[in-house]
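A structural walkthrough
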Amino acid sequence: MRHAYLLTILICLALAGCADPMGGGCDEDPSAAECQGTSTANGRVTDADGAQTRSFGGEGTASAATQVQASAIASDGSLELLAEADVQADGSYAIEVPSSRDRLVLAAVDGSGEVLASAIHERSAPPGESTDVTPMDSESSLEAEVLVQMIAEGTAPAEANYADLRARITTEMAIAV
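These lines cover the structure that appears in this document, whether it is placed above or below.

Conventions we followed
Residues numbered from 1 in each chain as written. Predicted model: local features only at pLDDT ≥ 70, side-chain atom pairs only at ≥ 80, totals over all residues. Heavy atoms only, no water. Salt bridge = Lys/Arg side-chain N within 4 Å of Asp/Glu carboxyl O. Helix = DSSP H or I, 4+ residues; strand = E, 2+ residues; numbered from the N terminus. Buried < 20%, exposed > 50% of the residue type's maximum accessible area, 1.4 Å probe, protein only. Polar contact = N/O pair within 3.5 Å; in protein donor to acceptor, adjacent residues only side chain to side chain. Contact = heavy atoms within 4.5 Å.

Inspection of every chain in the model, using the stated rule, returns 3 salt bridges. Between D90 and R44 there is a salt bridge, and its shortest N-O distance comes to 4.0 Å. Linking D90 in the loop between β3 (79-86) and β4 (92-98) with R44 in strand β1 (residues 38-44), this pair joins segments that are 46 residues apart in sequence. Residue classification places R44 among the partly exposed positions, given a relative accessible area of 39%.

Here's what the structure looks like:
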């Protein structure tokens, strides 16, 4: 009996872990109070993880990046530009984004607007607060690219599991792309 009880608890915990932690929110009800206003996303563009030529970060990315752009992923996989901010000389940035939004794509761009690296911002903070974003490097860029492609190919944004995606994409995989 005790083993059955423990097994039931373990199964419930495992299933709870499968639920989408980003469900609901401002994507479904943008008029909600927590969706009004902006929050700050703080991050860094890095030169980590190789020298790619296809907007996947790598050597020279931090010095070439002039701006960060925050975009929402539409249901067809297109990106809707929401905000822009300058990148500092050390690669850091602070960008004002809509509050309490799920799965924003932040992209570091050069002076001509070419995307150099990107990262997924899992959820922006409530109004007036701030959150940290995964550093932009080759791995985060590949994660963002795959997420956008999944949605473009028909995966519902609410069903695109970023935690699972992040666990599957490794630094070695990003370097190989």
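From this point on, the discussion continues.
Our next topic: the side chain of T40. Checked against the element boundaries, T40 lands in strand β1. At 2.5 Å, the side chain of T40 forms a polar contact with the side chain of E96. Beyond its immediate sequence surroundings of up to four residues, T40 is in contact with A94, I95, E96, E129, S130 and T131.

It is worth spelling out the side chain of S71 at this point. Relative to the elements of secondary structure, S71 occurs in strand β2 (residues 67-73). Sequence-distant contacts of S71, defined by excluding residues within four places in its chain, comprise L79, E80, L81, L82, L104 and V105.

Shape is all these values report; function is a separate question.
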